[in-house]
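# Structure at a glance
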Amino acid sequence: MKITGVFGAAFNFMRLKGGGPSRATLDGPSRARFIAARTKLGEPADHYGTKNALAAGLILATDYRDRTALTTSDPPS
């Protein structure tokens with residue numbers, strides 16, 4: 001990856017991280033599922049401090065893979 005690509009990716013990530021909790025934009029059932037998954041992983045709410053629900057979901061998926069020692073090349077089960 002080129003150095004400019006790294007800076008661009010870092011900028012986009014930081015832009016998504018700001019703006020308040022994404023759970024405020026979710027409907028009731030989705031919010032409950034997100035909070036339950038986050039709690040099961042033992043992560044605090046501010047760990048997902050992004051206003052973008054997709055970004056929060058990607059962070060949650062990464063946290064799950066890290067917690068269960070899965071890699072991106074492991075087949076989904």
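Residues numbered from 1 in each chain as written. Predicted model: local features only at pLDDT ≥ 70, side-chain atom pairs only at ≥ 80, totals over all residues. Heavy atoms only, no water.

## Things to note about the overall build of the protein chain
- Secondary structure summary: the protein chain contains three helices and zero strands in total.
- Along the protein chain, helices and strands appear, N-terminal first, in the series α-α-α.
- Looking at the protein chain residue by residue over its 77 residues, the buried ones come to 17%.
- In the protein chain, the share of contacts with a sequence separation of at least 24, taken over all contacts with a separation of at least 6, comes to 53%. (Helix = DSSP H or I, 4+ residues; strand = E, 2+ residues; numbered from the N terminus. Buried < 20%, exposed > 50% of the residue type's maximum accessible area, 1.4 Å probe, protein only. Contact = heavy atoms within 4.5 Å.)

## Quick word on the nonpolar core
- Grouped together as the largest cluster of nonpolar side chains are seven residues: L26, F34, L41, Y48, A56, I59 and L60.
- Looking at this core, the element that brings in the most residues is helix α3 (residues 53-68), giving three residues.
- Beyond its immediate sequence surroundings of up to four residues, L60 is in contact with F34, A37, R38, L41 and Y48. (Core = buried A, V, L, I, M, F, W, Y, C linked by side-chain atoms within 4.5 Å.)

## Quick word on helix α2 (residues 28-41)
- Here α2 is 14 residues long and its end C-alpha atoms lie 20 Å apart, about the 20 Å a rise of 1.5 Å per residue gives.
- At its buried positions, α2 is contacted by α3.
- Between a side-chain oxygen at the N-terminus of α2 and the backbone nitrogen of S30 the separation is 2.8 Å; the capping residue is D27.
- G42, located one to two residues past α2, shows a positive phi value of around 80°. (Expected span 1.5 Å × (residues − 1). Polar contact = N/O pair within 3.5 Å; in protein donor to acceptor, adjacent residues only side chain to side chain.)

## Considering the packing of aromatic side chains
- What the rule picks out here adds up to one aromatic pair.
- Aromatic side chains F34 and Y48 sit 5.4 Å apart centroid to centroid with 80° between the ring planes, which places their arrangement in the edge-to-face category. With a gap of 14 residues between them, F34 in helix α2 and Y48 in the loop between α2 and α3 connect regions that are remote in the sequence. Across the pair, Y48 and F34 agree in class, each one buried. (Phe/Tyr/Trp six-rings, centres within 6.5 Å; stacked < 30°, edge-to-face > 60°.)

## Focus: the side chain of R38
- Summarising the element assignment, R38 is placed in helix α2.
- Buried charge without a partner: R38 forms no salt bridge, and the closest opposite charge is D46, 7.5 Å away.
- Apart from the residues within four sequence positions on either side, R38 is in contact with E43, P44, A45, Y48 and L60. (Lys, Arg positive; Asp, Glu negative; His and termini not counted. Salt bridge = Lys/Arg side-chain N within 4 Å of Asp/Glu carboxyl O.)

## Some points on the confidence of the model for the protein chain
- Summing up the model confidence of the protein chain, the mean pLDDT is 76 and the portion of residues at 70 or higher is 64%.
- Averaged pLDDT values over the elements of the protein chain bottom out at 62 in helix α1 (residues 3-17) and peak at 90 in α2. (pLDDT = per-residue confidence, 0-100.)

## Looking at the side chain of E43
- When you line up the elements, E43 lands in the loop between α2 and α3.
- Comment: no salt bridge for buried E43; closest opposite-charge side chain is R67, at 4.1 Å.
- Leave out the neighbours within four places in its chain, and E43 touches R38, Y48, D63 and R67.

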